[in-house]
4 protein chains.
Amino acid sequence: MIIIMKDNASKQDISAVEKRLSEFGFQTHPIFGEKKTVIGAIGDKRQISMNEILLMSGVENVVPIMRPYKLASKELKQEKSVIDVGHGVTIGGKKLAVFAGPCAIESREHFLKMARLVKEAGANILRGGAFKPRTSPYAFGGLEDEGLKIMREAADELSMPACTEVMDTRDVELVAKYADIIQIGARNMQNFKLLREVGKINKPVFLKRGLASTIEEWLMAAEYIMSEGNDNVILCERGIRTYETSTRNTFDVSAIPVTQELTHLPIIGDPSHAAGNYKYVPAIAKAAIAAGADGLMIEVHDCPECAASDGPQSLKPDKFAALMQELGKIAEVIGKEI
Amino acid sequence: MIIIMKDNASKQDISAVEKRLSEFGFQTHPIFGEKKTVIGAIGDKRQISMNEILLMSGVENVVPIMRPYKLASKELKQEKSVIDVGHGVTIGGKKLAVFAGPCAIESREHFLKMARLVKEAGANILRGGAFKPRTSPYAFGGLEDEGLKIMREAADELSMPACTEVMDTRDVELVAKYADIIQIGARNMQNFKLLREVGKINKPVFLKRGLASTIEEWLMAAEYIMSEGNDNVILCERGIRTYETSTRNTFDVSAIPVTQELTHLPIIGDPSHAAGNYKYVPAIAKAAIAAGADGLMIEVHDCPECAASDGPQSLKPDKFAALMQELGKIAEVIGKEI
Amino acid sequence: MIIIMKDNASKQDISAVEKRLSEFGFQTHPIFGEKKTVIGAIGDKRQISMNEILLMSGVENVVPIMRPYKLASKELKQEKSVIDVGHGVTIGGKKLAVFAGPCAIESREHFLKMARLVKEAGANILRGGAFKPRTSPYAFGGLEDEGLKIMREAADELSMPACTEVMDTRDVELVAKYADIIQIGARNMQNFKLLREVGKINKPVFLKRGLASTIEEWLMAAEYIMSEGNDNVILCERGIRTYETSTRNTFDVSAIPVTQELTHLPIIGDPSHAAGNYKYVPAIAKAAIAAGADGLMIEVHDCPECAASDGPQSLKPDKFAALMQELGKIAEVIGKEI
Amino acid sequence: MIIIMKDNASKQDISAVEKRLSEFGFQTHPIFGEKKTVIGAIGDKRQISMNEILLMSGVENVVPIMRPYKLASKELKQEKSVIDVGHGVTIGGKKLAVFAGPCAIESREHFLKMARLVKEAGANILRGGAFKPRTSPYAFGGLEDEGLKIMREAADELSMPACTEVMDTRDVELVAKYADIIQIGARNMQNFKLLREVGKINKPVFLKRGLASTIEEWLMAAEYIMSEGNDNVILCERGIRTYETSTRNTFDVSAIPVTQELTHLPIIGDPSHAAGNYKYVPAIAKAAIAAGADGLMIEVHDCPECAASDGPQSLKPDKFAALMQELGKIAEVIGKEI
């Protein structure tokens, strides 16, 4: 780390900082300018004692040199992670991962119907909510256990991996029993206890970016999971909160190249939750693939106006199928396939 | 709700919308303009079927008339809620609530020392973290059970109520056993399972505003807790995420008059987490009281540079005591007391 | 507009609102619910008297029905505007517009060299700043008049239209003399006097979205220009300000489909200013085209480390040429050409 | 500045960076860590060549040590600036500055009436818009020259300084002829040509913070004005753009202590434009004073529902007078007076 001293810092201040740093095992290298003194401190501690140093007399600012995540970083692992999610599907390689299905699992018949339709259109992973985070306590919260069983049945019938959300540490074991991929939703991206729990299981984790999380916080959430031994983390950009109200969230398309610069983990785009409106889903989906995403998560419903949740952002099956055709062509142009 | 039809909506579109609304028990009142038709729909459903109507042919927009929360609203209860938090302390009345203490409970000796100091300076509620949400998995996570016991001992010795955070549904029972007030942290404001759990217990809940939550979402989180039967919810404004980086968060001082317009629940200001820097804490604390807050939560530490967490935003005991003097005078001017 | 009355609004309140609305020429249609009364008001005024009504006794809220812009809206003109910018180039049709060149015009030799290189790579419009808005008063502010002449010379030599920014009402005539397209920069999007001035001239206007402007405000800025008689407005999405710091701005890719839903004006993406870092420019450029943009503005410099401004976001000519190849393929897939 | 090299930077990279820095007159001090090399560079250049260094081979990041503004900084001038605005009024001292009046100057009679009322209630500076920035080209844009004359007449009659906005470089001379204080509005905070023009005149400048400007950008805008020789800059916090919609902007109360830490310039709070709703104005006004602001700008109108602009945020004269009473008491508590 680098310590920038105030203009009026005394010699005592400077030597006190150096002394404290050396107690922590850092080697210090002061640089004396005309006005300011700067101290370079070399050591391998991460995030330790920065606050302590910041509060010492005469210190103006402390600048970290190293990123706070380790296991998720490219410093540790250069090559892209390719994650096996079962049924022969991998995420992070040449073939794009397309998660599709209704927002919520509403009934056995409906989910099976949707699952068949999305598979036919080219999706390779099923999505569907059994536990639904809802802003209102009075809204439909999902079929829970029953929903999980329906999802499993459809996944087995179609031989596709299935992804569903877990919201509570008490449900991790249950969800892991039925799902191939465990989703951590945007609202739980910093539910640290839940992150630790899914870090202890042996299933890939689909980690949505928080509603207003920085990319660094998002990678720190991945680090939580990985620090418990589960390296199979898949990132999902689903839009961030901004002042703009014409879409529900603002899809941060730059997060795709930025995360690919910083981490070896694969990244999926979710245009449905970003847009909040089916009309904008195809444009955002195409943008995500053109920007280099490893896949997409798209909500599909045959009757959006009767959907138990998130109808306005769901594509009808025929529109989804048409979009898949377009996506296939864009994928090809950039050296991927669908 | 009000349904705004597109310019080119057909008669069939309009009558289909009216038909669907009447099936839901709404009375409809179409208004035919030169270009646009608007349909007023009167009924007592909240948030139901808005999406369905929005997706019908010819519909441009649907505007709700009523707010989505009920129990938390002033429509239901006009008079301000005054919440008894034990040991003779109430929140929401003339006397301000001042929560003070270190960010984390670090040891028995230290916490007792801090508790005595803040009481002496005029604080009437203890704060201290036993379970700490930390951005990094490698940072100090709190003393957990042991911390809870230390907090209880100090609270009993000083006859003050104590407030601490719960992060996991599995810990609600344990925390409720030791704490007088259960805190839901900013990162868990939309951890809906946790909200439901604390709604089922018989202790006041201190509900921090989410990192980037709207006031409406915050009141919906309160509604979650209240919908389970626990009406004793205390709101806490702790700064919101914006583009400005000179403070860790932007303290939304307007949230104080706005919530007082919308809800009967009391509101506390937390200048420490908003500022992220002790230098700005006094100014924000005074602002919050002048704006009408029902109290404050302030982090106090005798050695900020050795604090286990959040040192840079902690006030030293003497600065806290001086601030309490100033706050007392401002409180008096606006008809409150400390 | 629709007027939502408070729960406790009196009959007098309601009839006073109706009376005032009818004085403004509105027809009123009250709808009496169990709790709330809502008044539909039909008339052709835009934005007039909403505030007046909002402040009347018993009024809770006023909801507009119509959008505040007219000339820029699709209500007025359904078909996409195709804007002739000279030298046989049009914007808004099948062929993509690619504006390229250095951030600032630095010298005659350098600009001519860059202009030839970008033309060779496939760009069809030149860009280069003669008047540069700089955050610091001590930074290079552009070659001004001399820069304009250099730009004109290059444009004539290569038979390409040229686009450059105007920052001051006093310079509009001068800039219009040399440029084919007049740029209004992000910082001047709500410089209303400047908007009116460029509305009076006979040259296409390239209107960048403000640093933190909503899409509605942006279209209102276009409306300013159009209200003076100049219909040739080209929108440019260049990233918006958010809390995320890994890129200089967040490229709002959704703005592409959203503006295409609301307005007939063409839209260009500027990945350079959004990213602030050349490494992310290709991904964002490809995303913008895949999302349906009518073109791109890209900064190109042969020596980014010696650039007079914005070096870090400039592509080197060979990288720009390679990107153009990729863009051509994506354009083809979505029915456009480069 | 400090240069952080990439993990894999070569010796050649490092010496090339050192060579380039020394060409710019910097002394360099490399620090070799196990993984990373960091180079401290000491020199007195501000913001020069950072980009160049950033783009050199092997460079990961460049961290500035000094702030980009000089004249506005406390490094240059420790003591608070007290600005004489005429008629015996100063801003930045013990006595608070209270700017009050209608949003727009609507007529001679009305403005004189308002001016007398606000003076009677204790305001010491008049405000009123003659040139109004309006989002819509169809809205009232101000009385312009006639408005300026009305303002001057009222100011002379009441012997109060008057503040009004200038929006166009062409109007600076005219506005300076009539006004005692020249306002730069939020939308023009980065209209650099206008900043330079008002830097050349001999009147205090009231500089509103931009809609979504950082504090650093705001101080850089002050630096623009000061770099032309006009040191009499008064800052005004008027709310920033965030995702929260319950107020028009979010009043950044922390900006008060933060600017007082960074600059010697006085700071005024504008609760009217921040709130956008008169109901929240008193709470925010009291908060600003309690936080240490040097004064307030408040919109007052005797008939908000007939105001030509911004009616919903205007206080009626009796409410303004009552607020002034409360403000006086808070001022006293914190060692100021009204």
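Thresholds, definitions, all that
Residues numbered from 1 in each chain as written. Chains lettered and ligands numbered in written order. Predicted model: local features only at pLDDT ≥ 70, side-chain atom pairs only at ≥ 80, totals over all residues. Heavy atoms only, no water. Helix = DSSP H or I, 4+ residues; strand = E, 2+ residues; numbered from the N terminus. Contact = heavy atoms within 4.5 Å. Areas by Shrake-Rupley, 256 points an atom, 1.4 Å probe, with all protein chains shown as cover. Lys, Arg positive; Asp, Glu negative; His and termini not counted. Charge placed at Lys NZ, Arg CZ, Asp CG, Glu CD. Salt bridge = Lys/Arg side-chain N within 4 Å of Asp/Glu carboxyl O. Least-squares fit on C-alpha atoms with pLDDT ≥ 70 in both. Buried area = accessible area lost by both parts, 1.4 Å probe. Polar contact = N/O pair within 3.5 Å; in protein donor to acceptor, adjacent residues only side chain to side chain. Disulfide = S-S within 2.5 Å. Pairing = 2+ DSSP bridges. Axes fitted to C-alpha atoms, helices over the stretch in contact; angles between N-to-C directions. Left-handed = near helix turned anticlockwise from the far one by under 90°. Nonpolar A, V, L, I, M, F, W, Y, C, P; charged D, E, K, R; others polar.

Participant: How should the overall build of chain A be read in this particular structure?
Facilitator: In terms of regular secondary structure, chain A is built from 11 helices and 14 strands. Nonlocal contacts in chain A, meaning residues at least 24 apart in sequence, comprise 67% of its contacts between residues at least 6 apart. Of the roughly 11,400 Å² of accessible surface on chain A, a fraction of 46% belongs to carbon and sulfur atoms. For chain A, the distance from the average site of its 42 positive side-chain charges to the average site of its 45 negative ones is 1 Å.

Participant: It is not clear to me how the pattern of salt bridges should be interpreted in this structure. Could you clarify?
Facilitator: All chains considered together, the criterion is met by 103 salt bridges over all chains. Across the salt bridge formed by A:Lys80 and A:Asp294, the nearest N and O atoms sit 2.9 Å from each other. Of this pair, A:Lys80 sits in the loop between β4 (59-63) and β5 (83-86) while A:Asp294 sits in the loop between α10 (281-290) and β14 (295-299), and the two are 214 residues apart along the sequence. Among the ionic pairs, B:Lys36 bridges to B:Glu60, the shortest N-O distance being 3.2 Å.

Participant: What am I meant to see in the relation of the copies chain D and chain C here?
Facilitator: The pair of chain copies shares a relation made of a rotation about an axis and a shift along it. At an RMSD of 0.0 Å, chain D and chain C line up after a rotation of 180° and a shift of 0.0 Å along the axis. In short, the pair behaves as if placed about a two-fold rotation axis. Within chain D, D:Ala212 has its C-alpha nearest the rotation axis, a separation of 3.1 Å. Counting the interface residues of chain D, we find that 100% of their copies in chain C are interface residues as well, pointing to one common contact surface.

Participant: Where do I start with the interface of chain D and chain C in this structure?
Facilitator: How big an interface is tends to be reported as the loss of accessible area on association of its parts. Each partner contributes residues to the interface: chain D has 44 residues there, and chain C has 44 residues. For the pairing of chain D and chain C, the buried interface totals around 3,900 Å² over both sides, and the portion due to carbon and sulfur atoms is 56%. On the chain D side of the interface with chain C, the three residues burying the most area are D:Leu55, D:Tyr138 and D:Lys193, jointly 16% of the side's total. For the pair chain D and chain C, the number of links is 8 salt bridges. Of the charged contacts in the structure, one is a salt bridge between C:Arg241 and D:Glu217, with a shortest N-O distance of 2.6 Å. Seen at the junction of chain D and chain C, the total is 20 residue pairs in polar contact (both at pLDDT 80 or more).

Participant: Any chance you could explain unusual backbone geometry here in plain terms?
Facilitator: With glycine set apart, most residues show a phi of negative sign, and most peptide bonds adopt trans. At A:His87, a position not held by glycine, the phi torsion is positive, near 55°. Among the secondary structure elements, A:His87 is positioned in the loop between β5 and β6 (89-91).

Participant: Help me understand the state of the cysteines in this model?
Facilitator: In protein structure, a disulfide is the covalent linkage between the sulfur atoms of two cysteines. What the rule picks out here adds up to 4 disulfides over all chains. Disulfide pairing places B:Cys303 opposite B:Cys306 at an S-S distance of 1.8 Å. Between B:Cys303 and B:Cys306, the S-S dihedral sits near 95°, and the bridge is therefore right-handed. Considering cysteine sulfurs only, B:Cys163 is the nearest to B:Cys103, which forms no disulfide, with 12 Å between them. Not engaged in a disulfide, the cysteine D:Cys163 finds its nearest cysteine sulfur in D:Cys236; these two sulfurs lie 8.7 Å apart.

Participant: Please explain the sheet that holds strand β1 (residues 2-5) of chain A as it appears in this structure.
Facilitator: Where strands meet in a sheet, backbone hydrogen bonds hold them as pairs that are either parallel or antiparallel. Residue and element names in this part refer to chain A. On the basis of which strands lie adjacent, the open sheet formed by 4 strands has the order β2-β3-β1-β4 and antiparallel pairing. In this open sheet, the two edge strands, each paired with only one partner strand, are β2 (27-32) and β4. Strand-to-strand twist of the sheet, defined as the mean angle between neighbouring strand axes without regard to direction, takes the value 20°. Strand direction decides the pairing type here: β1 and β4, joined by 4 bridges, are antiparallel. Looking at the pairing, Ile2 lines up with Val63 of β4. Across the sheet, helix α1 (residues 11-23) touches β1, β2, β3 (37-42) and β4, and the angle it forms with β3 is around 5°.

Participant: Just checking my understanding: could you explain the sheet that holds strand β1 (residues 2-5) of chain C for this structure?
Facilitator: All names here are of chain C. Pairing within the open sheet is antiparallel, and its 4 strands lie in the order β2-β3-β1-β4. Of all strands in the sheet, those with a lone pairing partner are β2 (27-32) and β4 (59-63), marking the two edges. Each adjacent strand pair in this sheet contributes to an overall mean axis angle of 20°, direction not counted. Strand contacts of helix α1 (residues 11-23): β1, β2, β3 (37-42) and β4, with the helix running at about 5° to β3, the strand carrying the most contacts.

Participant: Could you clarify how one ought to interpret the environment of A:Asp270 in this entry?
Facilitator: Residue and element names in this part refer to chain A. By the secondary structure assignment, Asp270 is in the loop between β13 (267-269) and α9 (271-275). Taking C-alpha positions, Asp270 is 34 Å from Val63, a pair spaced 207 residues apart along the chain. In contact with Asp270, not counting residues within four places along its chain, are Lys208, Cys236, Glu237, Arg238, Phe251 and Met297.

Participant: So what exactly am I meant to see when it comes to the packing of helix α3 (residues 108-121) of chain B against helix α4 (residues 145-158) of chain B here?
Facilitator: Each pair of packed helices can be described by the angle between their axes along with the distance between the axes. Residue and element names in this part refer to chain B. Put simply, α3 and α4 touch, their axes get as near as 10 Å, and they point 35° apart. As α3 runs across α4, the sense of the crossing is right-handed. Contacts between α3 and α4 involve Arg108, Phe111, Leu112, Ala115, Arg116 and Lys119 from the former and Ile150, Met151, Glu153, Ala154, Glu157 and Leu158 from the latter. The residue makeup of the contact of α3 with α4, split by class, is 7 nonpolar, no polar and 5 charged.

Participant: Teacher, can you tell me more about the relation of the copies chain C and chain A here?
Facilitator: Superposition of chain C onto chain A requires a rotation of 180° combined with a translation of 0.0 Å along the rotation axis, giving an RMSD of 0.0 Å. An overlap of 100% is found between the interface residues of chain C and their copies at the interface of chain A, pointing to a shared contact surface.

Participant: It is not clear to me how the interface of chain C and chain A should be interpreted in this structure. Could you clarify?
Facilitator: Each side of the interface is counted separately: chain C has 34 residues, and chain A has 34 residues. Across the chain C to chain A interface the summed buried area is about 2,800 Å²; carbon plus sulfur atoms make up 68%. Sorting the residues of chain C by area buried against chain A places C:Tyr243, C:Tyr280 and C:Val333 first, and these three jointly supply 21% of that buried surface. Viewed at the interface, chain A and chain C are joined by 4 salt bridges. With a shortest N-O distance of 2.8 Å, C:Arg209 and A:Glu244 are connected by a salt bridge. Inspection of the chain C/chain A interface yields 8 residue pairs in polar contact (both at pLDDT 80 or more). Of all the secondary structure elements, the ones that give two or more residues to the side of chain C that touches chain A are α8 (255-262), α10 (281-290) and α11 (317-333) of chain C. Among the elements that take part in the side of chain C that touches chain A, α10(C) stands out by supplying 5 residues, more than any other. Along the lines of polarity and charge, the residues of the side of chain C that touches chain A split into 18 nonpolar, 7 polar and 9 charged.

All quantities given are derived from atomic positions and should not be read as evidence of function.
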